[in-house]
Amino acid sequence: MERTLGLIKPDATAKMAHGPIMTAITEAGLKIVACKSMRLSAAEAAGFYAVHSERPFFGELVEYMTSGPIVAMVLEGDDAIQKWRDLMGPTDATKAGPETLRGRFGTSLQNNAVHGSDAPDTAAFEIGFLFAGRELEALSR
Ligand code: IDP
Ligand code: MG
């Protein structure tokens, strides 16, 4: 059993794509363990994407991620990290197939509708960045 962090990004919440995205998650056999809507501050978005701070697109990425509300989800299942990445599709939404969430709801390399952790260590960091311990206990009590 593995956990990963999923985000519905501002371009997708603006389209009210919450329903179909969450349906696709559960149909892929992943459990939504925790879920909340929030608006990131610039400092929070920069901290979340600190690994990209030296990249030329960092400023625009922070602007994009703070442009509207996001939905943060903790997803759980066998091979959850890879399963969720497969369901999202490639980073560039213009190259993502119509069966993927980025293909369905993203519009560009930046505006790609959803986020997913890429490894166990980044999943642990990202879940801890956005969720408090008690928010992850609901299903185990
Ligand atoms: P990922 O989200 O598929 O893991 P990363 O390389 O980790 O892709 O990049 C994080 C996010 O930064 C992407 O999802 C996308 O929104 C944005 N991004 C990545 N590369 C570029 C780029 O070259 N130009 C603009 N935005 C980018
Ligand atoms: Mg990434």
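Structure: above.
Only a predicted model underlies this, so the values are computations on that prediction, with no experimental measurement involved.

Draft legend 1. Structural view of the site of ligand 1. The local shell around ligand 1 consists of Lys9, Tyr49, His52, Phe57, Leu61, Arg85, Thr91, Arg102, Leu109, Gln110 and Asn112. Side-chain polar atom of His52 to an oxygen atom of ligand 1: 2.9 Å apart, as the coordinates give it. A distance of 3.0 Å separates an oxygen atom of ligand 1 from a polar side-chain atom of Arg102. A total of 530 Å² of accessible area belongs to ligand 1 in isolation, and the protein chains cover 80% of it. Taken together, the residues of the shell around ligand 1 sort by class into 4 nonpolar, 4 polar and 3 charged.

Draft legend 2. Examining the nonpolar core more closely. Counting 21 residues, the largest nonpolar core has Leu5, Leu7, Leu40, Met65, Val74, Leu130 and Phe131 as its most contacted members. Those elements that place two or more of their residues in this core are β1 (2-8), β2 (31-38), α3 (42-48), α4 (58-65), β3 (70-77) and α7 (120-130). When residues of this core are assigned to their parent elements, the largest contribution, 5 residues, is made by α4. Setting aside its immediate chain neighbours within four residues, Phe131 contacts Leu5, Ala34, Cys35, Lys36, Ala72, Met73, Val74 and Leu136. Formed by 18 residues, the second largest nonpolar core is a distinct cluster that contains Ile25, Leu101, Phe105 and Ala113.

Draft legend 3. Expanded view of the packing of aromatic side chains. Summed over the entire model, instances satisfying the criterion amount to 3 aromatic pairs. A ring pair is formed by Phe48 and Tyr49, whose centres lie 5.0 Å apart and whose planes are at 85°; its orientation type is edge-to-face. Across the pair, Tyr49 and Phe48 agree in class, each one buried. Residues Phe125 and Phe129 carry aromatic rings whose centres are separated by 5.7 Å and whose planes lie at 45° to one another, so their mutual orientation is tilted. Here the residue Phe125 and the residue Phe129 both occupy positions in helix α7, the gap between them amounting to 4 residues, near one helical turn. Grouping aromatic residues by their ring pairs yields a cluster made of Phe48, Tyr49, Phe125 and Phe129. In this arrangement the basic side chain of Lys36 is found over the ring face of Phe131, its NZ or CZ atom lying 4.6 Å from the centre.

So, how was this worked out
Residues numbered from 1 in each chain as written. Chains lettered and ligands numbered in written order. Predicted model: local features only at pLDDT ≥ 70, side-chain atom pairs only at ≥ 80, totals over all residues. Heavy atoms only, no water. Near = heavy atom within 4 Å. Polar contact = N/O pair within 3.5 Å; in protein donor to acceptor, adjacent residues only side chain to side chain. Areas by Shrake-Rupley, 256 points an atom, 1.4 Å probe, with all protein chains shown as cover. Nonpolar A, V, L, I, M, F, W, Y, C, P; charged D, E, K, R; others polar. Core = buried A, V, L, I, M, F, W, Y, C linked by side-chain atoms within 4.5 Å. Buried < 20%, exposed > 50% of the residue type's maximum accessible area, 1.4 Å probe, protein only. Helix = DSSP H or I, 4+ residues; strand = E, 2+ residues; numbered from the N terminus. Contact = heavy atoms within 4.5 Å. Phe/Tyr/Trp six-rings, centres within 6.5 Å; stacked < 30°, edge-to-face > 60°. Lys NZ or Arg CZ within 6 Å of the ring centre and 35° of its normal.

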